[in-house]
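Below are the chains, spelled out letter by letter.
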Amino acid sequence: MIKSILASFLLATSAVQASPALTERSYETTVNNGQFTLPKFDRNSRARAAAIEVKRKGWQYSEYPMGVAYYPTGTLANKTIAKDQESWLPPILDLQGHIDVEGPKALENIKSKGGLKKLEDYANLYNGQWEKALPEGPFAGMLTNFTDDRLFSMMRLSASPYRLKRVKPSDSLLFPVDNAAAITGLSLPQLKAQGRLFLEDFTEMKELDPTDKFGAGCQGYFYIHPKSGDFLPLAIRPVVKGRENSALVYTPKDTFNDWMLAKLIMNQNDGWHATWAHITQSHSAAEAPYLAAIRTLSDDHPVLAIINRIEKTPWNIRPLLEDGVEGGAGENAGPQYYAWTSISGRTWANQVYSSGETANFQGNYYRTFLENQGLINSRDGPALKHFPFYEDASVVTEAIRDFMTDFVNSYYRSDRDVAHDSEIQAWQRETKAAKVYDFPKSITTKKTLVDILTHQTYLGAVVHGVMSTNGAIGDTTSLPFAPAGFRQPIPTKKGVKDIMPFMPTAEGAVWQVETYAAASRAAWKNTNETISYMFEDETMLGRMEPRVRSAAKTFRDAMNAFSVEVRARTFDKDGLSNGMPFIWKVLDPNWAPYWSVV
């Protein structure tokens, strides 16, 4: 399906007519000796202003059904989008070609080994089956330690931290856990009072339109153990529409099958969240301020040059996904494996953006967000003993911040220079017309500009990398731990004898790998498409100040060193890595792409 969508999409964009050359900008670049310049230093301010006006006419706003944020239209926008196909599309078609070959072989391998009769059999789905599409399979430990409660809980502190929050002593409890003290040594109110209780809430998902598969909107409690300090699961409450008052509460004290099924149902929520929220959390949230920047900053402005670099081929993704949504809802869509319809996925993704959850710019600065969720620097309770997402994301993001600080200092001697940059001020004003949520109300300091550029980069390199690309396929959507949907209704009573009737068939399992492998970029490992090479554009750097070129090298060296550290991770004597029974390496800078690929 993906290949046909891409083919039709390519035909549509190839028909776009090229726009007139910007001859006045060519003249200005010659006058300025080819260097990026701030407006006040431009030797031909009239040509610069005229060129921006041409861009404003050629890059206009249009409504778009997928992702809420405005989508660009106009002669210049259409030309750029069509040209982006030249670099964006071939790797996708190449990867899809491998998937088309390897998928049927994986299915035959499963059947040759007797099919899927127990959860452990899903290892046959991966082992040696995806040489090109997914050569390393899920992260080490995912296929062998999936029954360990710490794998379930620590996934929330690595692969999917976005819905997790600490329950404040003043918060109301969403549901009771009568045997909390028998599990933790403390009652539920005591855990809350001590700031040891955490919550993940996906109950809104119960309202989504179902397919012929099944799911629920879950609420889950986690806690910091009062003695060991481990972060562990306490209870899960799957909520089905129409059955809210009779929703069951599962805990580790239940039978293996009941507790395991509850964990799988909640993982299905996290997989759905990664699949659909990433569209607005990494794509829409970055595209909105970028489009405003294109319309207000000269092509010779160094800030636009940096944003152009980190926003590599962004405009093709939402149309591709929109075509996928429509195709998934069509008469010839084929079997449905998600619990909810693709139209519901689009609706839900738009809702979490419109609410500000995924759209708020400053509110999603990574430290601001994690502090607001009570996950770092909390005054309400003890610190998390291990927080792999924060530990890795902070290394990458602070290295980005260091680069952006050197970059901004190279062009602005003081805050006054920032405040007097007419184009930066125009960009800030334009974000209102562009409907950028929670963008800074003023850009009058170097720090504010650094924060903006750091976050813009973080959205592609970190958020997208964790929620999509090599992240989801290795953890939040891997089987058997995270089915896309269930073949049997969510139980109305405890006592499940066999989990397998709920689980995906061999065909459904292969479909799930094929779907998420299409977003992975295993072949880009150790290439210049990765985070380490984020700023390694010789043409761009050749027009920058020498200090920026030096900062780019410093960044690359730091990321290479961190990559060595990530790749050296192993299991310790207790079978753990960073406190987890799996080895998480999504943000390896020499493996993770530096922008929102797909």
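Here, the structure is the one placed above.
No experiment lies behind these values; they were computed from the predicted model shown.

1. Examining the overall build of the protein
The helix and strand inventory of the protein stands at 21 helices and six strands. In terms of overall dimensions, the protein is globule-like: its C-alpha atoms have a radius of gyration of 25 Å, near the 25 Å expected for 598 residues. For the protein, the spread of C-alpha atoms along the principal axes amounts to about 75 × 55 × 45 Å. In the protein, buried positions account for 60% of the 598 residues. Taking the contacts inside the protein whose residues are at least 6 apart along the sequence as the reference set, 77% of them involve residues at least 24 apart. Computing the positive centroid from 65 side-chain charges and the negative centroid from 67, the protein places the two 3 Å apart.

2. What to know about helix α14 (residues 388-411)
A rise of 1.5 Å per residue sets the reference length of α14, with its 24 residues, at 34 Å; its end C-alpha atoms lie 35 Å apart and thus fit the reference within 8%. Where α14 bends most, the angle comes to about 25°, and this point is S394.

3. As for the nonpolar core
Inside soluble globular proteins, nonpolar side chains tend to come together where they are buried. V303, F389, F407, W427 and W584 are the most contacted members of the largest nonpolar core, which totals 172 residues. L186, L191, L197 and L199 belong to the second largest nonpolar core, which has 15 residues in total.

4. Overview of helix α4 (residues 75-112)
The terminal C-alpha atoms of α4 lie 54 Å apart, and with 38 residues this matches the ideal 56 Å at 1.5 Å per residue to within 8%. Residue E86 marks the point of greatest curvature in α4, where the axis turns by about 40°; the proline P90 follows within four residues. Where α4 ends, the next residue or the one after it, G114, has phi of about 95°, a positive value.

5. What about the packing of α4 against helix α19 (residues 506-517)?
Across the interface, α4 lies against α19 with an axial gap of 10 Å and an inter-helix angle of 155°. Of the possible angle classes, the one that applies to α4 and α19 is roughly antiparallel. α4 and α19 meet at a crossing whose hand is right-handed. Residues L95, I99, G103, P104, A106, L107, I110 and K111 of α4 form the contact with α19, whose own contacting residues are A506, E507, V510, E514 and A517.

6. Some details on the environment of L164
Tracing the backbone shows L164 in strand β3 (residues 164-166). Of the residues examined, L164 reaches a relative accessible area of 0% and is grouped as buried. It is 4.8 Å that separates the C-alpha atoms of L164 and E200, two residues lying 36 residues apart in sequence. Excluding its chain neighbours within four sequence positions, the residues that come into contact with L164 are R156, L157, F198, L199, E200, F222, F231, Q373 and L375.

7. Remarks on the packing of aromatic side chains
Within the structure shown, the criterion is met by 32 aromatic pairs. Arranged with centres 5.0 Å apart and planes meeting at 35°, the rings of Y61 and Y70 form a pair that is tilted. Y61 gets classed as partly exposed once you look at its relative accessible area, which sits at 21%. Judged by centre distance (6.0 Å) and plane angle (75°), the ring pair of F361 and Y365 falls under edge-to-face. For the pair F361 and Y365, a shared accessibility class is recorded, and that class is buried. An aromatic cluster of three or more residues is present, and its members are Y162, Y366, F369, F387, F389, Y390 and Y458. Cation over ring: R156 sits above F152, and NZ or CZ is 4.1 Å from the ring centre.

8. Structural notes on the sheet that holds strand β6 (residues 231-239)
If you trace the four strands from one edge of the open sheet to the other, you get β3-β4-β5-β6, paired in antiparallel fashion. Pairing within the sheet leaves two strands with one partner each, and these edge strands are β3 and β6. For this sheet, the mean inter-axis angle between neighbouring strands, taken without regard to orientation, is 25°. Strand direction decides the pairing type here: strand β4 (residues 197-201) and strand β5 (residues 217-224), joined by five bridges, are antiparallel. Counterpart to L199 in the pairing with β5 is Y221.

9. Notes on the pairing of β4
The side chains of a regular strand alternate, first on one face of the sheet and then on the other. Counting buried positions over the five residues of β4 gives four, a clear majority of the element. Pairing geometry for β3 and β4, over three bridges, is antiparallel. Across the sheet, residue L164 finds its bridge partner in β4, namely E200.

10. Overview of the environment of D392
In this structure, D392 sits in helix α14. Of the residues examined, D392 reaches a relative accessible area of 2% and is grouped as buried. For the pair D392 and L587, spaced 195 residues apart in sequence, the C-alpha to C-alpha distance is 6.7 Å. If we ignore the near neighbours within four places in the chain, the residues touching D392 are F562, R569, W584 and L587.

11. Here's the deal with unusual backbone geometry
The residue after L479, namely P480, is reached through a cis peptide bond having omega 10°. One non-glycine residue, N377, lies in positive phi territory at about 50°. Within the element layout of this structure, N377 appears in the loop between α13 (366-372) and α14. Unusually for a residue other than glycine, N526 sits at a positive phi of about 65°. By the element assignment, N526 lies in the loop between α19 and α20 (538-542).

12. Observations regarding the pairing of β6
A large share of β6 lies buried, amounting to nine of its nine residues. Following β5, the chain reverses through six residues before pairing antiparallel with β6; G229 in that reversal takes a positive phi of roughly 80°.

13. Overview of the side chain of T530
Note that T530 resides in the loop between α19 and α20. Engagement of the side chain of T530 in a polar contact is seen with the backbone oxygen of T527, the distance being 2.8 Å. Beyond its immediate chain neighbours, meaning those up to four positions away, T530 contacts W524, P589, N590, W591, A592, P593 and Y594.

14. Examining the pattern of salt bridges
If you walk through the whole model with that rule in mind, you get 40 salt bridges. Between D230 and K385 there is a salt bridge; the shortest N-O distance is 2.7 Å. Pair noted here: D230 is in the loop between β5 and β6 and K385 is in the loop between α13 and α14, with a separation of 155 residues, a long-range link. Residue R309 is joined to D537 by a salt bridge in which the shortest nitrogen-to-oxygen separation is 3.7 Å.

15. Looking at the side chain of E529
By the element assignment, E529 lies in the loop between α19 and α20. On the basis of relative accessibility, which here comes to 18%, the residue E529 falls in the buried class. Within the structure, the side chain of E529 is placed 2.8 Å from the side chain of K312, a separation counted as a polar contact. Beyond its immediate chain neighbours, meaning those up to four positions away, E529 contacts K312, W524, A592, P593, Y594 and W595.

Rules of the game
- Residues numbered from 1 in each chain as written.
- Predicted model: local features only at pLDDT ≥ 70, side-chain atom pairs only at ≥ 80, totals over all residues.
- Heavy atoms only, no water.
- Helix = DSSP H or I, 4+ residues; strand = E, 2+ residues; numbered from the N terminus.
- Rg over C-alpha atoms; globule rule 2.2 N^0.38 Å.
- Buried < 20%, exposed > 50% of the residue type's maximum accessible area, 1.4 Å probe, protein only.
- Contact = heavy atoms within 4.5 Å.
- Lys, Arg positive; Asp, Glu negative; His and termini not counted.
- Charge placed at Lys NZ, Arg CZ, Asp CG, Glu CD.
- Expected span 1.5 Å × (residues − 1).
- Bend = angle between axes of the 7 residues up to and from the residue.
- Core = buried A, V, L, I, M, F, W, Y, C linked by side-chain atoms within 4.5 Å.
- Axes fitted to C-alpha atoms, helices over the stretch in contact; angles between N-to-C directions.
- Parallel < 35°, antiparallel > 145°, perpendicular 65-115°, else oblique.
- Left-handed = near helix turned anticlockwise from the far one by under 90°.
- Phe/Tyr/Trp six-rings, centres within 6.5 Å; stacked < 30°, edge-to-face > 60°.
- Lys NZ or Arg CZ within 6 Å of the ring centre and 35° of its normal.
- Pairing = 2+ DSSP bridges.
- Polar contact = N/O pair within 3.5 Å; in protein donor to acceptor, adjacent residues only side chain to side chain.
- Salt bridge = Lys/Arg side-chain N within 4 Å of Asp/Glu carboxyl O.

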